[in-house]
Amino acid sequence: MTNKLKEFESGLVRGRYYANFEAVAEAFADNLQNREDKGAAFALYHHGEPVVDIWGGFADASTGKPWQENTVALMFSAAKGLTATCLLRLVDAGQLDIDLPICHYWPEFAANGKADITTRMVLAHRAGLAAVEGELTLAEILNWDPVVGAIAAQAPNWEPDSTHGYHARSFGWILGELLRRITGETLGSFLNREIAAVAGLRLWIGLPKDELPHCARIIPPAGNANAAAEILGENSLTARVMSGPNKQFGYNDMWNRAEILQAEMPSSNGVGDARSMARFYAALNGDIAGLPTLSPALLETARTVQSRGPDAVILHDTCFGLGYSLQPMVAPGAGPNCYGHPGAGGTTAFADPDNGVAMAYLTNTMRFDPEGDPRSANLIQAAYQSLASTGGQAPGFFG
């Protein structure tokens, strides 16, 4: 493989890619030049081999600090794929039965009509706990115990398992507390010990202090950071979910604060680099021997549809397996059997088992496009065109 460096008007795009994947690098540069990306990274594995690993633009557009090889970025809900995998590893280990009521492991959770809610319902966004009730401060939310206590005490937002609706933040707190009850570890600690440290991945839920200087600065989306409240009303279920708990969250500069990055919010504040997310999904796909994965039967179940159709929270069709987003929501334009998870503002990471593909795109430039993010679509299209040109063969190792 030839390492290539290309300089463009929007900044220096650096990294490594095989020559027959040059279209991906060109699409990445096009995003920086013409699609308003300020800083980003993209990585692609094919049959377990890294064929694209590129980055460019600015880690901090306000200071001109360049995006470097060791830059990491907030991935928002792309962290849900990591969280789901941690819980599913407990299933493989015989420590968790996803069809037992959660209160079997967490007795307090049974309060207020939740005695029959199972882990499967949470993984499939069917538990009816999308909006967290309670007058919680941000400090209480970041300190974990108050927010999981509030979830345990509240009543469901709808009859559990009667429909599905995106559990934007509660997903991570419920599953994280369940994991803690079973293992005694926080989800961030479990992720590091069981997956990241074993596989050499720079992925965290709860960013270590010494990694803060390497974290790209998020650029909030243009317009209202709480658009759902403006359009649907602040008491609508959608607004309560997306700004909750207790209206403490918006898509604004708060996500650059150290205490937000260092807390554990397993739905929302995973941090890492694109190459690690792509490698994670390549391993999960079974394409990299010796790295942490799931049993084939469980992975097959996990990427089987559990919920599909109109979503009670985000008000358009969604599709979920056991914690993973499925097509067409995870990666429009990619293979039909992809699984993974997108993140707010444009990030996505997923695997395509039919084509031996795993890829991740991380950006610090948030945008919300009703028709889908054109930047990830641009990269996915170029990736599949390049894959077609290889005849389905991985071209070898990076040199």
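Our subject is the structure listed above.
Our subject in this report is the structure included herewith. (Residues numbered from 1 in each chain as written. Predicted model: local features only at pLDDT ≥ 70, side-chain atom pairs only at ≥ 80, totals over all residues. Heavy atoms only, no water.)

## Focus: helix α2 (residues 79-92)
Phase 1 of the analysis: Spanning 14 residues, α2 covers 20 Å between terminal C-alpha atoms, matching the ideal 20 Å at 1.5 Å per step.
Phase 2 of the analysis: Buried within α2 we find A79, K80, G81, L82, T83, A84, T85, C86, L87, L88 and L90.
Phase 3 of the analysis: Following α2 by one or two positions, G94 adopts a phi angle in the positive range, close to 75°. (Helix = DSSP H or I, 4+ residues; strand = E, 2+ residues; numbered from the N terminus. Expected span 1.5 Å × (residues − 1). Buried < 20%, exposed > 50% of the residue type's maximum accessible area, 1.4 Å probe, protein only.)

## Examining the pattern of salt bridges
Phase 1 of the analysis: What the rule picks out here adds up to 22 salt bridges.
Phase 2 of the analysis: Note that R193 and E185 form a salt bridge whose closest N and O atoms lie 2.6 Å from each other.
Phase 3 of the analysis: The exposure class assigned to E185 is buried, which follows from its relative accessible area of 15%.
Phase 4 of the analysis: The partner of R375 in a salt bridge is D373, with the nearest N and O atoms 2.7 Å apart.
Phase 5 of the analysis: Since its relative accessible area comes to 0%, R375 is described here as buried.
Phase 6 of the analysis: One salt-bridge network, in which partners are shared between bridges, spans R16, D53, E69, R202, E211, D273 and R275. (Salt bridge = Lys/Arg side-chain N within 4 Å of Asp/Glu carboxyl O.)

## Focus on the pairing of strand β12 (residues 339-342)
Phase 1 of the analysis: Of the two faces of β12, the one carrying Y339 and H341 and the one carrying G340 and P342 are both buried.
Phase 2 of the analysis: For β12 and strand β13 (residues 348-352), the ladder comprises four bridges, and the chain directions are antiparallel. Bridge pairing in β13 places P342 opposite T348.
Phase 3 of the analysis: Hairpin remark: β12 followed by β13, antiparallel, with five residues in the connecting loop; positive phi at G345, about 90°. (Pairing = 2+ DSSP bridges.)

## Some points on the environment of N337
Phase 1 of the analysis: If you trace the backbone, N337 turns up in the loop between β11 (325-326) and β12.
Phase 2 of the analysis: Spatially, the C-alpha atoms of N337 and N355 are 9.6 Å apart, while their sequence positions differ by 18 residues.
Phase 3 of the analysis: Among the polar contacts made by the side chain of N337, one reaches the side chain of D354 at a distance of 2.7 Å. (Polar contact = N/O pair within 3.5 Å; in protein donor to acceptor, adjacent residues only side chain to side chain.)

## Things to note about the nonpolar core
Phase 1 of the analysis: Membership of the largest hydrophobic core comes to 106 residues, with the highest contact counts inside it found for W173, W255, Y281 and Y324.
Phase 2 of the analysis: Residue contributions to this core peak at eight residues, all from helix α11 (residues 274-284).
Phase 3 of the analysis: Excluding residues that lie within four positions of it along the chain, W173 makes contacts with V132, I141, W144, V147, V148, I151, P245, E264, M265 and P266.
Phase 4 of the analysis: Among the nonpolar cores identified, the runner-up in size contains 30 residues, and Y18, L32, M359 and A383 belong to it. (Core = buried A, V, L, I, M, F, W, Y, C linked by side-chain atoms within 4.5 Å. Contact = heavy atoms within 4.5 Å.)

## Remarks on the sheet that holds strand β8 (residues 270-272)
Phase 1 of the analysis: Taken together, the three strands give an open sheet; going across it, the order is β6-β8-β7, and neighbouring strands pair in antiparallel fashion. Here the strands that pair on one side only, and so sit at the sheet edges, are β6 (73-74) and β7 (203-205).
Phase 2 of the analysis: With three bridges connecting them, β7 and β8 associate as antiparallel partners. What sits directly across from W204, in β8, is V271.

## Observations concerning the state of the cysteines
Phase 1 of the analysis: Scanning the model with the defined rule gives zero disulfides in all.
Phase 2 of the analysis: Distance from the sulfur of C338, which forms no disulfide, to the nearest cysteine sulfur (C319) is 12 Å. (Disulfide = S-S within 2.5 Å.)

## A few points about the pairing of strand β4 (residues 49-60)
Successive side chains on a regular strand alternate, one facing one side of the sheet and the next facing the other.
Phase 1 of the analysis: In terms of residue burial, β4 counts as a mostly covered element, since eleven of its twelve residues are buried.
Phase 2 of the analysis: The pairing of strand β3 (residues 39-46) with β4 spans eight bridges and is antiparallel. Within β4, the residue paired with A41 across the bridge is W55.
Phase 3 of the analysis: Linkage of β3 to β4, two consecutive antiparallel strands, is achieved through a turn of two residues, within which H47 is found at a positive phi near 50°.
Phase 4 of the analysis: Bridge analysis of β4 against strand β5 (residues 65-66) gives two bridges, and the strand direction is antiparallel. In the sheet register, D60 faces β5, and the bridge partner there is K65.
Phase 5 of the analysis: Taking the residues between adjacent antiparallel strands as the criterion, β4 and β5 are bridged by four residues, where G64 takes a positive phi near 80°.

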